[in-house]
Amino acid sequence: MSGSAPVLDRLPGDRRYWFLALGVLLLAWPFLFGSFWARIGLGALMWIGLAQSWNMIGGYAGYLDFGHGAYFGIGGFAAGIAMVQFGYPFVVGFALAIVVAAVLAYLVAVPTLRLTGAYFAIATWALAESIKQAALILEITGGTFGLSLPRSPDTFIGIAVPFAISETFFYYVMLLLCAATMLVTYVLFERHEFGYRVKALRDDQDAAESLGIDTTRVKRQVYVLSCVVAAVFGSVYAWYIVFIHPNDILAPIVTDRMVIMALLGGLGTLTGPIFGGLLVFLLQRLSSVFLGSSTFYLPLIGTLIMITVLFAPSGIIGILRGEIGRDDVRKNLKELGEKFDLL
Amino acid sequence: MSDVTGGGSGADDAADSDDAAGADFDGAQRTGDVPTLSATDVEAGYDQHQVLHGITFESRDGVTCIFGPNGSGKSTFLKTMNGIVPVWDGTITYGDVDLTDEKPEDIVTHGIATLPQGGGIFASLSVEENLNVGAFTVDDADAIAERKAEVLEVFPALEDKLDQKARELSGGQQMMVSLGRAMMTGADTFLLDEPSAGLAPRLVDDAFGLIERLVDRGAQVILIEQNVRAALRLADYVYILAEGEVQFHGPPEDLSEEDELMELYLGL
């Protein structure tokens, strides 16, 4: 452990003022910077929320879910199908997304959560892939044509809204969802007894059980919750983006991004996915603007992952908190050098 | 089974150790008799593979040791008693309570706590959080506070470490956390699966010293150990398991006469 003061504790003044300032900035964002930055902002908020949803099962519970993106797609298609095939307003699709994701997640949880490590990862990955293939051939999902959702500028909850549904509107929806996800994570995983049960089973499942924790039940609860959160974002995303396609919202890259964001930011931490999500999303979106290539961010992220895994396993948040200092990096380097006979 | 018919002498031994333990109990805060944990003709295994072929076992006051070579079924037997491995046949009782088909999370509420191999501490939680998790089955806030004070009284070294992450502690301190966390459940019977495993050799004696502190407070300990020599110093009664069956049981004094057994199964 390094002796230097953690960056987060070195902020001048009361922390509450920083939170207040951040809140004001987020609320005023679309008005301050216009619709292009509102779009960037809503994307960042969505990915932060998605990264957090993966962090619940992957970080806090330690179950590497490599099929999590499927629930994002399921949420999107649930909303899309409700709106396109049945003509319901978005709010019905939103509710349907929650119900379908919860039921499916529970059914999946019963057999797969008996598996651990790589086996769980492979099982969930295969599930996601099969859902994508199913969506490509089913009629109700639009098959290979995808689904075009009605641009519904004036019906929200089935009644007319007095404002145009725009980038700004979706920015605030994503802000609300992202804030709610953060709040749920904070209360459940950092404050409530539930979070300790989850962390206990991650650290040592046998010990947790012998102390009276029903680990099977807790694991299912975390998995269902994390999947529902992903589906909620998926449904709003479908409403916003208007056109959804299995190769898009059910693509493995959706899961990959969530995993990378949570990993880079710091697994099993509340704020890790915020930093990781922001960094990866901005690198990706602004890659063409600032790096001159729309794919250059990929090798960059690959390098970042290597650096994180090798030197800072607790992610960006670990560095900011001062858990990883110069001494640790030096120690890791030395160990690595010895391992590969470099030193 | 031969070891059941040997029950006559076993009962005598139990009576003896009752007397001996009586003296200890006077100094301890906890009073009252600890129920006997007993198994009758227990068979169990994994999938199709049977590991235990009819084990009959009875815990004694103080430390009951279970020895045996690798693969003898010691750990499996311990896990049938705490409910992690389901019992195929036979019964397990704790006092008057039938535990045979109980789930692990229910067994702990009857007063049996387990320390898994290596201590099973929650590395990412602080020491205090580890202790709190131990009390999740307890509703009474006063009882929790009382027990926490008791843990710190038995293991005063933890007092300064309460806010530290468990992974940052030394091996010996981690064992204190593990024992203390088990105490938080309010258990009076402790199942220990190789507590000395993974500890530096010079720490093994200290580790057994910690277990002794628990016993001095009136707890009943069932101990699986590879380190037979060190564990024998603590043992009040000994079982030797091999190939899923009980090969010997009796007080440790009797074991010294069983040269063949010692060499064959314990390598002493």
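This text goes with the structure placed above it.
Residues numbered from 1 in each chain as written. Chains lettered and ligands numbered in written order. Predicted model: local features only at pLDDT ≥ 70, side-chain atom pairs only at ≥ 80, totals over all residues. Heavy atoms only, no water.

Residue and element names in this part refer to chain A. Where helix α10 (residues 252-265) contacts helix α11 (residues 272-285), the two axes come as close as 7 Å, and the packing angle between them is 125°. Put simply, α10 runs oblique to α11. In this structure, α10 crosses over α11, and the sense of that crossing is right-handed. Each of Arg 257, Ile 260, Met 261, Leu 264 and Gly 265 in α10 lies in contact with α11, whose residues at this interface are Gly 272, Gly 276, Gly 277, Leu 279, Val 280, Phe 281 and Gln 284. Looking at side-chain class alone, the contact of α10 with α11 contains six nonpolar, five polar and one charged residues. (Axes fitted to C-alpha atoms, helices over the stretch in contact; angles between N-to-C directions. Helix = DSSP H or I, 4+ residues; strand = E, 2+ residues; numbered from the N terminus. Parallel < 35°, antiparallel > 145°, perpendicular 65-115°, else oblique. Left-handed = near helix turned anticlockwise from the far one by under 90°. Contact = heavy atoms within 4.5 Å. Nonpolar A, V, L, I, M, F, W, Y, C, P; charged D, E, K, R; others polar.)

Residues and elements named next belong to chain A. Counted at 1.5 Å a residue, the expected span for helix α1 (residues 15-60) with its 46 residues is 68 Å, but the 25 Å between its end C-alpha atoms falls short. Gly 34 marks the point of greatest bend in α1, at about 135°. Following α1 by one or two positions, Gly 62 has its phi on the positive side, about 75°. (Expected span 1.5 Å × (residues − 1). Bend = angle between axes of the 7 residues up to and from the residue.)

Moving on to the packing of aromatic side chains. For the structure shown, the criterion picks out 22 aromatic pairs over all chains. Relative to Trp 239 of chain A, the ring of Phe 169 of chain A lies with its centre 5.6 Å away and its plane at 90°, an arrangement referred to as edge-to-face. Taken together, the residues Phe 169 of chain A in helix α5 (residues 167-191) and Trp 239 of chain A in helix α8 (residues 215-241) connect sequence positions 70 residues apart. As far as burial versus exposure is concerned, Phe 169 of chain A and Trp 239 of chain A are alike and both buried. Clustering of aromatic rings is evident, with ring pairs tying together Trp 47, Phe 72, Phe 90, Phe 94, Phe 169, Phe 170, Tyr 237, Trp 239 and Tyr 240 of chain A. Just above the ring of Tyr 237 of chain B sits the side chain of Arg 60 of chain B; from NZ or CZ to the centre is 3.7 Å. (Phe/Tyr/Trp six-rings, centres within 6.5 Å; stacked < 30°, edge-to-face > 60°. Buried < 20%, exposed > 50% of the residue type's maximum accessible area, 1.4 Å probe, protein only. Lys NZ or Arg CZ within 6 Å of the ring centre and 35° of its normal.)

Okay, the side chain of Asp 193 of chain B next. Residue and element names in this part refer to chain B. Along the chain, Asp 193 falls in strand β7 (residues 189-193). Although Asp 193 is buried, it makes no salt bridge; Lys 79 carries the closest opposite charge, 5.3 Å away. Polar side-chain contacts of Asp 193 include one of 3.1 Å to the side chain of Ser 75. Not counting chain neighbours up to four residues away, the residues in contact with Asp 193 comprise Ser 75, Leu 78, Leu 115, Pro 116, Gln 117, Gly 118 and Ile 224. (Lys, Arg positive; Asp, Glu negative; His and termini not counted. Salt bridge = Lys/Arg side-chain N within 4 Å of Asp/Glu carboxyl O. Polar contact = N/O pair within 3.5 Å; in protein donor to acceptor, adjacent residues only side chain to side chain.)

Next up on the list: the sheet that holds strand β6 (residues 112-115) of chain B. Residues and elements named next belong to chain B. The six strands lie next to each other as β6-β7-β8-β3-β9-β10, forming an open sheet whose pairing is mixed. The outermost strands of the open sheet, each flanked by one partner alone, are β6 and β10 (245-250). For this sheet, the mean inter-axis angle between neighbouring strands, taken without regard to orientation, is 15°. Sheet topology note: the strand β9 (residues 237-242)/β10 ladder contains five bridges and is antiparallel. In the strand pairing of β10, Ile 240 is matched with Phe 248. Running at roughly 160° to β6, helix α7 (residues 171-184) makes contact with β6 and β7 of the sheet. (Pairing = 2+ DSSP bridges.)

Another point: the packing of α1 of chain A against α8 of chain A. All names here are of chain A. Relative to each other, α1 and α8 sit at 165°, their axes nearing to 8 Å. Put simply, α1 runs roughly antiparallel to α8. For the pair α1 and α8, the sense of crossing is left-handed. Contacts between α1 and α8 involve Arg 39, Leu 42, Leu 45, Met 46, Gly 49, Leu 50, Ser 53, Met 56 and Ile 57 on the former and, on the latter, Lys 219, Val 222, Tyr 223, Leu 225, Ser 226, Val 229, Ala 230, Phe 233, Tyr 237 and Tyr 240.

Further remarks concern unusual backbone geometry. All names here are of chain B. Phi at Asp 41 takes a positive value of approximately 50°, unusual for a residue other than glycine. You can see Asp 41 is positioned in strand β1 (residues 37-46). At Asp 47, a position not held by glycine, the phi torsion is positive, near 50°. Looking at the secondary structure, you find Asp 47 in the loop between β1 and β2 (49-58). What makes Asp 47 exposed here is its relative accessible area of 74%.

What follows covers the sheet that holds strand β5 (residues 97-98) of chain B. All names here are of chain B. With antiparallel pairing, four strands are arranged side by side in an open sheet as β2-β1-β4-β5. Each end of this open sheet is capped by a strand with a single partner; those strands are β2 and β5. Pairing analysis gives five bridges linking β1 to strand β4 (residues 89-94), with the strands arranged antiparallel. Bridge assignment links Leu 37 to a residue of β4, and that residue is Tyr 94. Strand contacts of helix α3 (residues 74-81): β1, β2 and β4, with the helix running at about 70° to β2, the strand carrying the most contacts.

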